[in-house]
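Residues per chain, in single letters:
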Amino acid sequence: MKNTNQFNVKKCVLGLLRRALPILIFAFLSANATAQNTAISGSVTDEDGTPLSGANIVEKGTTNGVTADFDGNFSINVINKQASLIVSYIGFATKEVMVNGQTNLNLTLSESAASLDEVVLIGYGTAKKSDLTGSIASVKGDVINSFSNASATQALQGRVSGVHIIQNSGDPGAAMQIRIRGTNSIRGDNNPLWIIDGFPGDQTLLNVSDIESLDVLKDASATAIYGSRGANGVIIVTTKRGKEGTTKVDYEESYTMQSVRKKLDLLNPTEYMQLMNIQQLNDYGAEYFSQAEINTGAGVDYQDLMFRSAPLQNRSITVSGGTEKTQFSIGGSYFDQKSIVKNIDGFKRISLRANVNHNISKRINLLFNAILTRIDKDDLSEDLNGGQKGTALFSSIIAAPPTLSPYNDNGYRNLGTAYPFTFSISNPLLFVNERTDKYRSNNIIANLAATFKPIDDLSIKISGNVMNSDSRKDYYISTVGYDGLNSNPGEATINTVQNLSLNSDNIVTYNKIFNSIHNFTAMGGVTYQENTITSLGASGNGFLSNDYETYDIAAANTINTPTSSYTKWNLLSYLGRLNYSYKSKYLATVSFRADGSSRYSEGNKWGYFPSGALAWRVSEEGFMKNIDLISNLKLKLGYGETGSTAISPYSTLSMLSSGKLVFGDNRYTYFAPSSSFPGDLRWETTAQSDIGLDIGLFENRLNFTADYYVKNTRDLLNPVRLPSSTGYSSSLRNVGKIQNKGLELLLDANIADSDFKWDVSANISFNRNKVVELYDGQDITGGSFGLSIVNDYVNLLREGEPLGVFYAYQEDGYDEQGLIKYKDNDNSGNITSEDKAIVGNPNPDFIYGFNSTMKYKNFELSWFIQGSQGNDIFNISTISHDYDYGIGFNMLSEVLYDHWTEDTPNAKYPKISEASTNGLKISDRFVNDGSYTRLKNIEIAFNIPVDNLSIKWLKRGQVYVSGQNLLTITKYPWWDPDVNSAGGGSSITQGVDHFTHPITKSITVGMKLGF
C-alpha cells in the first residue's frame, strides 16, 4: 500500500507539472518578450506637414535605430517603455521624445538655420555649413516670403549683414539699389550677380513665394569662382523643388491695402493766401488777397486729391511631389500692386514655373527648370528723378495752389496762369488722365542639365540656359497737353527691346573621402555666355484724335526718324576649385578663374582671378571637448580677387555714328567718329581679404558670426578730359583706386524651444569707403541738377574722401535784408565755386536689422525692424518747392511760421522775396540727417489645428494679419528717408531726394493652405 501511495503521489505531481509547465513557460516568455520589445510606429514631418523621408530615429543610449520611409513613416522596437527617441534630419533641429508607454508618435521637426549639417550653395557646387571657409549668408524662403514684396531684393532688405539695400522710389515695381560690402566701381555696375537655379538671371521675374532659399556670397574667396561677375557679390537663388512623397498642393493668398506713409504738412488755403500776400508785399508793395478771401478758407488738398488707398493682391499655387526616380514642382503666381496715385495701375506680374528632376538611372540624372513671366507696369520714370517748378507729377502735386480747384468751366484749369504771380505749374490731373506710359515685357528663363556619374565619386554636369526678354514701352501725351488748353499736337513714342542671353556650363566634380578623415573635392569646368540686345524705336506727333494713342504712328502728321541699335558681347571662362577637409577640423579652399571678354582689346581680353581660404574648427580639437558651453568655434581667413568689365561693348573700338545733314535742297547721311578716344583698357580688379569667426553656444542655440574685410579696387575705369587739339573730348581710362573696409556682426538665438518658442536674429554692418587715387588727382563730379533757380552738381569723388560726398556752399547766416550769406572759404572777397566744401556724406555709419518670431501653440507673433544710421540726404525737392518765391507754389506750412523778419532774424527760412530766390545756391541748408529706424513688418498668425478639427482634406492652414512700415522713427522732414532718387548700378549720384514717389505703409490679411 505504501508503494502504491507513493506511486500515486508521484503520478499526481507529474500530472500537475505536465499541465502547469507549459503555462509557466508561456508566462515567462511573454513577460520576457514584453520587457525587451515595445513596438512603436509613427511618422516624421516638417512644420508644413511634408514627410521627411530618410529621417533618423534612434533609441537614446543605444545603437538601435531606423530610418523613415518614403512617406515619412517608421516603426521601431524599443527595449524600455520609458525610452527616449532621438529624431534628426539634415537642416532641422534634432528632437528628443519620451516614449512614456506610447505606441504611436507623430513627430514634427522644425527647420534650424544654425544647423551645421545644412547644405548651402557655393557656386558650381554645394557644401555643408560646417565646412564653409568663406563668408556666405543663407536666408530661407519662409523668411523672404514673410510679407508681400515685389522682388527678392525688396524682401532681402535688412536681413543680411553687409548687404545695403535702398529704395530708389516707392513706385510699384521700381528698381532698388543693392550694395554688398560697399561700392567698387565708378562707371561699372555695382549691383551683385544674381544666379537663379544655376545661371545668371533677373530676380525681378520671380515671385517671392517661388523661392526656396537665397545664399549670399560676400567675400572674394567665395565669389572669385565667378571671376569678372563676382566683384560686387553673388546672390544664388534656388526655386522650390519637388521631394519624394505624396503629392501636395500649397496655396497662398494675401490682400493688402496701401496708403502714403506720410503726408507733407503743406499750407492750407488760408495759410497759402497769407504767405502769398507776404511775398507780394515784400516785392511789389501790395497784398494780392483780401481779408475776406482769406477768411473763406475754401480750397483743395491736392495730396488727398491725387493719393488713394490702393490694393495689392498676391496669389500663388504650387503642386509638388514625386517618386524615388522623379520629383517635380510646378506653380503659378499673380502679383498686382496698384499705385497710390489715382488712375495709375501700378505693377502686375504673372509667373509660371516648373522644376522637374528625373533619375534615368543610378548614374544619369536630368534636371529642367523654366520660368515664364509677363510684366505690365505703368511707368512713372519720367517723374521719379526730377520735375522742377511743378512740371512733373509729384512736384505738381505739392506745388499746386490749394486755393484753386483742378477744373474750371472749360475743363482742366491752367494753374500756371490762374494768378498773376503763378508760373509754370502743371495741373497734376493732366499727368494721370492725359498721358499714358506703359511698359510690358514677356520673359523666359529655361535651364536644362544632365549629370552623369561614371563612377561613384565623379560627376559630369552639362547644362544650358536661355534667358529671353521682349519688352515694349508706349508713351503718349494727348492733344490736351500739360497746360490743359488743347495746345499739344499729341505725341506718341514706341520703344521695343529684345534681350537674348545664352549660357553653357560644363562642370566636372570629383569628391573622395580617404581613410574617413581626408575629404577632398575637386571641381573644374568651362562656361560660355553670349548676350545680344536689339532695339527699335518710332515716334510721331500731330494727331487728329487721341483714340489710337501709340497704336497708329502712321496717323501722325510728323513721323520722326526711326531708331535702332544692336549690341552683342560674349564671355568665355575656365574655372577650377579645390576643397580639402581633414577630420572636418582643418579646411582649405583654393579657386581660380580665367575670363575672356569680347569687350576688351587684344592683349587685355583675359582677366585672371585667384582665391584661397583657410578655416579651423577649433571646437573639434580634443582640448575643447570638455567645454560644454561652446558647441561650435571656427576661425576663417580668406583672400581673393574678382573683376568687373565696367565698360559697354565696343568701348575699345573706334566707332562711327550716323547723322543727317542738309546741303542745298538735299538731305544726306553722314558717319563721324565718336567724340571719345578708345584707350588701351585693363580689367577693374577688386582684391579682398577677410577674417571671420563663428561661435555656437549651448548646443548651437546661440550663434554669433563676425567678419572683418578689406577690399581694394584698382584700375577704375572712367572718362577723362582730353585737349581739344586731339580732336576728341574724352577718353576712357583706368584712373584710380577705391577702398572699402568694414565689420559685420550677426547673432541668431533660439531663446525658448518648448510649447513657447522664441527665435531672434540681429545683424549690424559697418562699412567705410575711401577714394584712394584718381587720374592726376582730378575730382569727379556727379550729375547736375538743373532747377532753373540753381544749376549745380551735388556729389563728388575726391582723393582721401568717402565715395559720393556732398559738395556745396556753406551758409553764414542772413544779411540785414534777410538774404542768405555764404562763407568765403578762400577769402577772395567773392563767392565762387572755389568756396564750396564737403558738407555731408550719403554713406551710413552702419545699417542693421532685427527679427523676432514667437510661437505658442497655434499662435505666432513676429516683427522685423530695419534701419540706417549716420547717412545724410540732400533734399533737392525742397529747393524749388520751398525757396522759389514769387511763382505761386504751395509750400511747407513751416515756411509761413518760420521765415526771416526783422523780429525773427534767426528763422529757418530766409525773407519771403524773389531776392532770396535769385541769390540761392546749392548749400549745406539742404543736407538732412537720413537716419531712421523702421518697423518693417509685424504679423500675428494663427495655425489652424487641422488634426483636432478632423479636416482630413487639409494638411495645414494659417491665417494672418500683418502691417508694413507702420512706424518709422526719423528726423528727415520729407516723405521718407529710405530714398535714393538717382540711385542705380553705376550711379555716383547718391543720397539725393528729388520728388520721388512716396513710400507706402500697408495692412495685409492672408492665408496659407496646404493640401
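Conventions adopted
Residue indices begin from 1 for each chain and proceed along its sequence in written order. Thresholds applied to this predicted model are a pLDDT of at least 70 for local features of residues and 80 or more for the giving and counting of side-chain atom pairs; totals over whole chains, interfaces and linings are not thresholded and use all residues. Here the side-chain values reflect all heavy atoms present in the structure, with hydrogen atoms and water set aside. In this description, strands pair whenever DSSP reports at least two bridges between them. To qualify as a helix, a DSSP run of H or I must reach at least 4 residues; to qualify as a strand, a run of E must reach at least 2; elements of each kind are numbered from the N terminus. Whenever Lys or Arg places a side-chain nitrogen within 4 Å of a carboxyl oxygen from Asp or Glu, that contact is recorded as a salt bridge. Under the scheme applied here, a residue whose accessible area is under 20% of the maximum for its type counts as buried, over 50% as exposed, and between as partly exposed, the area being computed with a 1.4 Å probe on protein chains only. Buried residues of nine kinds, namely Ala, Val, Leu, Ile, Met, Phe, Trp, Tyr and Cys, make up a nonpolar core once their side-chain atoms join them within 4.5 Å. Contacts: residue pairs with any heavy atoms within 4.5 Å of one another. UniProt positions are given in the numbering used here, feature names are shortened, and annotations may be inferred rather than shown by experiment. N or O atoms closer than or at 3.5 Å make up a polar contact, with two conditions inside protein: a donor-capable atom paired with an acceptor-capable one, and, for residues adjacent in sequence, both atoms drawn from side chains. What a helix should span is 1.5 Å times the count of its residues minus one. Patches in this entry comprise residues that are over 30% relatively accessible and not in a salt bridge; like charges within 9 Å are linked, as are nonpolar side chains (Val, Leu, Ile, Met, Phe, Trp, Tyr) within 5 Å. Residue-level accessible areas treat just the shown protein chains as cover; the underlying method is Shrake-Rupley with a 1.4 Å probe. Aromatic pairs are defined between Phe, Tyr and Trp rings, using the six-membered ring for Trp, whenever the two ring centres lie within 6.5 Å; interplanar angles under 30 degrees are classed as stacked, those over 60 as edge-to-face, and all others as tilted. Sitting over a ring, as applied to charges here, requires NZ of Lys or CZ of Arg to be within 6 Å of the ring centre and within 35 degrees of the ring normal.

Chemist: How should the sheet that holds strand β47 (residues 837-840) be read in this particular structure?
Modeler: As a general point, the strands of a sheet are linked pairwise by backbone hydrogen bonds and lie either parallel or antiparallel. One open sheet accounts for four strands, arranged β40-β43-β44-β47; its pairing is antiparallel. At either end of the open sheet lies a strand with only one pairing partner, and these are β40 (780-781) and β47. Pairing of β40 with strand β43 (residues 795-797), which is carried by two bridges, proceeds in the antiparallel orientation. Among the inter-strand pairings, Thr 781 is bridged to a residue of β43, identified as Leu 796.

Chemist: I keep staring at the pattern of salt bridges and nothing clicks. Help me out?
Modeler: For side chains bearing opposite charge, pairing can occur when the charged atoms are close. A full pass over the atoms with the stated rule returns 34 salt bridges. Between Arg 925 and Glu 811 there is a salt bridge, with its nearest N and O atoms 2.7 Å apart. Placement of Arg 925 in the loop between α13 (914-918) and β51 (927-929) and of Glu 811 in strand β45 (residues 811-814) is noted, with a sequence separation of 114 residues between them. The class of Glu 811 is buried, set by a relative accessible area of 16%. Within the structure, one salt-bridge network assembled from shared partners comprises Arg 181, Lys 218, Asp 690 and Glu 744.

Chemist: Could you clarify how one ought to interpret the nonpolar core in this entry?
Modeler: In a soluble, globular protein the nonpolar side chains are often hidden away together inside. Judged by nonpolar contacts, the single largest core of 71 residues is most densely connected at Phe 874, Ile 876, Ile 879 and Leu 920. Elements that contribute at least two residues to this core include exactly α5 (269-284), α7 (302-306), α9 (393-399), α10 (428-433), β44 (805-808), β46 (820-822), β50 (872-875) and α12 (893-897). Per element, the largest residue contribution to this core is five residues, and it comes from α9. Among residues more than four places away in sequence, those in contact with Phe 874 are Val 794, Phe 806, Ala 808, Ile 879, Ile 922, Ser 923, Phe 926, Val 927, Gly 991, Val 992 and Asp 993. Listed in part, the 30 residues of the second largest apolar core include Leu 156, Ile 165, Ile 178 and Ile 235.

Chemist: Honestly, the UniProt feature "domain: TonB-dependent receptor plug" (unreviewed entry) in the protein chain in this entry has me stumped. Any pointers?
Modeler: As recorded in UniProt, the sites labelled "domain: TonB-dependent receptor plug" (unreviewed entry) are residues 129-234. For residues 129-234, the helix share is 12%, the strand share is 27%, and the end-to-end C-alpha distance is 17 Å.

Chemist: I tried to follow the environment of Gln 157 on my own but got confused; where do I start?
Modeler: Tracing the backbone shows Gln 157 in the loop between α3 (152-156) and β11 (163-167). Among the residues examined, Gln 157 registers a relative accessible area of 2% and is labelled buried. In the structure, Gln 157 is positioned 190 residues away from Phe 347 in sequence and 20 Å away in space, judged by C-alpha atoms. Beyond its immediate sequence surroundings of up to four residues, Gln 157 is in contact with Ile 165, Ile 166, Gln 167, Met 176, Phe 864, Gln 866, Tyr 932, Lys 936 and Asp 978. There is a polar contact of 2.9 Å between the side chain of Gln 157 and the backbone oxygen of Ile 165.

Chemist: Got a minute to help me understand the pairing of strand β12 (residues 176-180) in this structure?
Modeler: Side chains on a regular strand alternate between the two faces of the sheet. Counting buried residues in β12 gives five out of five residues, a clear majority hidden from the surface. Burial along β12 is two-sided: the residues Met 176, Ile 178 and Ile 180 and Gln 177 and Arg 179 are all buried. Taken together, the five bridges between β11 and β12 define a ladder with antiparallel strand orientation. Note that in β12 the partner of Val 163 across the bridge is Ile 180.

Chemist: Even after reading the chapter, I still don't get α5, so can you show me in this structure?
Modeler: The α-helix advances 3.6 residues per turn, and as a result positions three or four apart in sequence lie on the same side. For α5, which comprises 16 residues, the first-to-last C-alpha distance of 22 Å matches the rise-based estimate of 22 Å (1.5 Å per residue) to within 8%. Those residues of α5 that sit buried are Pro 269, Glu 271, Tyr 272, Met 273, Leu 275, Met 276, Asn 277, Gln 279 and Gln 280. Those residues of α5 that are buried lie in contact with α6 (291-296), α12 and α13. Its side-chain oxygen 3.1 Å from the backbone nitrogen of Thr 270, Asn 268 forms the N-cap of α5. Downstream of α5 by a residue or two, Gly 285 has a phi angle that is positive, lying close to 80 degrees.

Chemist: How should a nonpolar patch on the surface be read in this particular structure?
Modeler: There is a patch of nonpolar side chains on the surface, built from Tyr 255, Met 257, Ile 940, Val 961, Leu 966, Leu 967, Ile 969, Ile 1003 and Val 1005 and spanning about 790 Å² of accessible area. Those elements giving two or more residues to the nonpolar patch turn out to be β17 (245-260), β53 (956-970) and β55 (1000-1010). The greatest single-element share of the nonpolar patch, amounting to four residues, is contributed by β53. Inspection of the secondary structure assignment puts Val 1005 in strand β55.

Chemist: Before we go on, may I ask you to explain the pairing of strand β4 (residues 73-78) in this structure?
Modeler: The alternating pattern of β4 places Phe 74, Ile 76 and Val 78 on a buried face and Asn 73, Ser 75 and Asn 77 on a face that is not buried. In this sheet, β4 lies alongside strand β1 (residues 38-46) in antiparallel orientation, the contact comprising six bridges. Paired with Ser 43 across the bridge in β4 is Asn 73.

Chemist: Looking at this structure, how should I read the packing of aromatic side chains?
Modeler: Describing an aromatic ring pair means giving the distance of the ring centres and the angle of the ring planes. Enumeration according to the criterion identifies 29 aromatic pairs in this entry. Their ring planes at 85 degrees and their centres at 4.9 Å tell us that Tyr 288 and Phe 289 sit as a pair that is edge-to-face. Note on Tyr 288: relative accessible area 36%, which makes it partly exposed. Look at Phe 289 and you get buried, because its relative accessible area is 5%. Seen from their ring centres, Phe 859 and Phe 942 are 5.0 Å apart, and the 50 degrees between their planes marks the pair as tilted. Here the residue Phe 859 occupies a position in strand β49 (residues 859-869), and Phe 942 occupies one in strand β52 (residues 932-943), the gap between them amounting to 83 residues. With a relative accessible area of 28%, Phe 942 lands in the partly exposed category. A connected cluster of aromatic rings, assembled from ring pairs, spans Phe 806, Phe 874, Tyr 883, Tyr 909 and Phe 926. Lying over the aromatic face of Phe 864, Arg 159 brings its terminal NZ or CZ to 3.8 Å of the ring centre. For the cation-ring pair, Lys 836 lies above Tyr 793, with the distance from its terminal atom to the ring centre recorded as 3.9 Å.

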